[in-house]
Amino acid sequence: VITRPEMEIGRYHWMYRSSRPHRYHHVPAVRGNVSPLGIQGCFECCIKCLGGVPYASLVATILCFSGVALFCGCGHVALTGTVSILEQHFSTTASDHALLSEVIQLMQYVIYGIASFFFLYGIILLAEGFYTTSAVKELHGEFKTTACGRCISGMFVFLTYVLGVAWLGVFGFSAVPVFMFYNIWSTCEVIKSLQTNVTVPGDQICVDIRQYGIIPWNAVPGKACGPILENICNTNEFYMSYHLFIVACAGAGATVIALIHFLMILSSNWAYLKDASKMQAYQDIKAKEEQELQDIQSRSKEQLNSYT
């Protein structure tokens, strides 16, 4: 004979057994070099680590390092060669180009600072890319996105935008010496082409550096004409400086492209952190509700046990 309390207990188990959430434990599949105890092999660990690499940030970092290295290295050597050309052929008096020499020396020190800053900044942005990559989240479990982390990501977006605008100016400024050297080189080519034409003497074709404003108008000689200009174009200083300025300009352009790439990556990472914070708040609320539901069920069970 089944008593009434036993019937109540059976009804309680029948009602609440199906409402309890089922918890399934994931059992890793045994494949490759994975042992039955769940210990991964070397190949699986390498594949998992490669999956956690932010390749977009890595490509942008390599492009940024390459562009800055080309701009700083080639620009430094090209400025030294420019000073040598001016001192030997366009301004024989040291006082005439003293200000220009100081400005070029200051620019060389600025180049040292730019190289050091972007080496550190590129590493920081690469580390930020590792932090916000979803593959790292799968490797090391859930992470908490704080307001400070989101503010730092937003600060990187703003700073990268400012640096990108500044490097657009640097790219335009680096094209100026390329334009000047190209004018000198094209004038030398005209002189070479007129050597067979007796009616137009090459001595009348000149290049006046003073019109560019880099040396004063009272500099002596200030300009080069005919065979003298042709000899200048044939020197190693002119050849190296011209091509190095071209490479430096290309490096500045590559740096601009890298910063634009970084800006897109940082914007995407900031949006990812923002969505992750919202998901984290939703999961916290859901966990709190589940805990309250379990507390209600436990209290109901205690009341039923006390009744029985």
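Residues numbered from 1 in each chain as written. Predicted model: local features only at pLDDT ≥ 70, side-chain atom pairs only at ≥ 80, totals over all residues. Heavy atoms only, no water.

(A) The arrangement of the state of the cysteines in detail. With the rule as written, the count across this model stands at two disulfides. Here Cys 188 engages in a disulfide with Cys 233; their sulfurs sit 1.7 Å apart. Its S-S torsion of approximately 60° makes the covalent link between Cys 188 and Cys 233 right-handed. Of the two residues, Cys 188 is situated in helix α6 (residues 147–193) and Cys 233 in helix α7 (residues 226–233); the sequence distance between them amounts to 45 residues. Since its relative accessible area comes to 1%, Cys 188 is described here as buried. Disulfide partner of Cys 206: Cys 225, at an S-S distance of 1.7 Å. The sign of the S-S torsion, about 110°, decides the handedness of the disulfide formed by Cys 206 and Cys 225: right-handed. With Cys 206 in strand β1 (residues 206–208) and Cys 225 in strand β2 (residues 223–225), this residue pair connects regions lying 19 residues apart in the sequence. Relative accessible area serves as the criterion here: at 32%, Cys 206 is assigned to the partly exposed category. Here the disulfide map of the chain reads 1-4, 2-3, the bonded cysteines being numbered as they appear in the sequence. Of all cysteine sulfurs, the one in Cys 74 lies closest to Cys 72, which takes part in no disulfide; the gap is 9.8 Å. With a relative accessible area of 6%, Cys 72 lands in the buried category. (Disulfide = S-S within 2.5 Å. Helix = DSSP H or I, 4+ residues; strand = E, 2+ residues; numbered from the N terminus. Buried < 20%, exposed > 50% of the residue type's maximum accessible area, 1.4 Å probe, protein only.)

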